[in-house]
Amino acid sequence: MVDQNPLNFVFFQPDEMRAESLACYGHPLVQTPNYDRLASEGVRFDQCHVQNAQCVPSRVSMMTGLYPHCAGHRTNWHLIRSHEPHLFRYLSEAGYDIRWYGKNDMLAQESLGCITEYFEPEGPDRKNRYELGDKRYYTFDAQPFDCAREDLADYTKVKAGIDYLRSRKHADRPFFLFLPLLQPHPSYTTHSDFYHMYRTEDIPELRPSDLKDKPIHYELIRKYRRLNELPESFFKRLNAVYLGMISYTDWLLGELMAVMDESGLFENTVLIVSSDHGDWAGDFGLVEKWPSDYSDLITRVPLLVKAPGCKVGHMVEGPVEMFDLMASVMELAGVDADHVHFAKSFVPQLLGDPEDKERFVFAEGGYDTNEPHAFEGRWSEVNPPIEGNYYPKGRLQQEVPSSVCRATMIRDLNYKLIHRTEGLSELYDLNEDPRELRNRINDSHMSDVRQRLESTLLDWFVKTSDTVPVGQDKRRF
């Protein structure tokens, strides 16, 4: 890196944005000129995988460098608590000004003291977005927003970040600007300019819904949401809207980058773009995601980084984990962690150094029946069921808990194993089958690969099962 001490950071994070739906990751139709520009001027990580399929546990891992099993962060209702170390606390203690404009799926309320300013704006894309569409099918299908682009909540977040960048003085302390957006998270809707941007008939073929040897939750989600009654053209239309949502976030990124250009911020500021997980968006005849599904559509997210002194236009082929962000930002900021974690800095790869192409990456989630408080849909007189788009998800988890059993993924560039405690596990040869259409978990020709991955997975669990606290206590008083 160029000697810029200290560096500033801007983290632009669309929600539920899968890597393969960006042009710079190979999508043949979508228009994402600003993501493409970032890839051409910075570093693109081709195989970045998240540690969990849901918003909160994925972001918790991202901030702590710990896997979900290390401290039990598996649900959307268990955020980082005050005793837990995390990136923002470290940066705040080091003197960083941390501004956060957008959704909070990460820090518990008592942990927000390290944030200088936080707010989540309202807008038509925030209010009632989960109650739109045809309730007969619970598809997250929704109508476009016929308003100004600037009226949407995601624009308000980015505008707040822009105003902050423009208001800064040269002598101000270093900053971390966090912009977690809502789009392209379902419901599938966006501003009308982008909603109609792509035609259904132009969408490339989606992954089919009639595959054999898929876990039971594929079939059950389609049944509980009545997705199995809808034609393929419906899912292509949803996918077209999903691409439009991504293009809207690309426009927002362009607004942000224009101000960074105008202010000369790229000379001493690191711009990072990624997401917390992906989305089926019509593939496999499915919508949204599932806590224990670890298809690449869910785990593989974009990671684009433009930093002073980085190797321009570089592409990192080897796998990285999303929580490597924590270790990387801390190295760039010159801040040391005082807790044991498992994140690996990707700063050397920003400079063009070779990556570890043999690396395994991991993701995990799901719940066991001995933790009923973790399952969605625990309805009572105090918490009655609401007939919204999430109603069938909670109902399915309550009626068929094995459909969301604990699961762990191990993956390298060649193979993927997803081990489940109940039901069908999965094994894929990613060279022959990159779209994960043929589950070979019971294929005798793959037994050596399965055994090797299972052995590596066991070693990983043993190594990461806990972390010894830093520091020692006196044994006698």
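Residues numbered from 1 in each chain as written. Predicted model: local features only at pLDDT ≥ 70, side-chain atom pairs only at ≥ 80, totals over all residues. Heavy atoms only, no water.

**Student:** I'd love a proper account of the environment of R59, names of residues and values included.
**Tutor:** Of note, R59 is situated in helix α2 (residues 55-64). For R59, a relative accessible area of 1% corresponds to the buried category. In this structure, the C-alpha to C-alpha distance between R59 and L107, residues 48 residues apart in sequence, is 9.2 Å. The contacts of R59, once residues within four sequence positions are left out, are Q13, D15, K103, D105, M106, F178, P180 and D276. Polar contacts involving the side chain of R59 include one to the side chain of D15, which spans 3.2 Å. (Helix = DSSP H or I, 4+ residues; strand = E, 2+ residues; numbered from the N terminus. Buried < 20%, exposed > 50% of the residue type's maximum accessible area, 1.4 Å probe, protein only. Contact = heavy atoms within 4.5 Å. Polar contact = N/O pair within 3.5 Å; in protein donor to acceptor, adjacent residues only side chain to side chain.)

**Student:** Describe empty space enclosed by the protein, with residues and values.
**Tutor:** Tallied over the full model, the rule gives one cavity of 30 Å³ or more. Considering only enclosed or pocket space, the largest cavity measures out at about 60 Å³ in volume. In terms of lining residues, the largest cavity is bounded by I221, Y224, R225, W280, V287, E288, K289, W290, P392, K393 and L396. Those elements that place two or more of their residues in the lining of the largest cavity are α7 (216-224) and α12 (391-399). With three residues, α12 is the single largest residue contributor to the lining of the largest cavity. Here the lining of the largest cavity is composed, by residue class, of seven nonpolar, no polar and four charged. (1 Å grid on protein atoms, 1.4 Å probe; cavity = no way out; pocket = protein on both sides within 12 Å on 5 of 7 lines; lining within 4 Å. Points joined across faces, edges and corners; volume = space filled by probe spheres on them. Nonpolar A, V, L, I, M, F, W, Y, C, P; charged D, E, K, R; others polar.)

**Student:** Give a detailed account of unusual backbone geometry, specifying residues and quantitative values.
**Tutor:** Along the chain, Q183 connects to P184 via a cis peptide bond; the corresponding omega equals 5°. Tracing the backbone through its elements, the reader meets P184 in the loop between β5 (175-180) and α6 (192-195). Unusually for a residue other than glycine, E16 sits at a positive phi of about 70°. For E16, the location among the structural elements is in the loop between β1 (8-13) and α1 (33-41).

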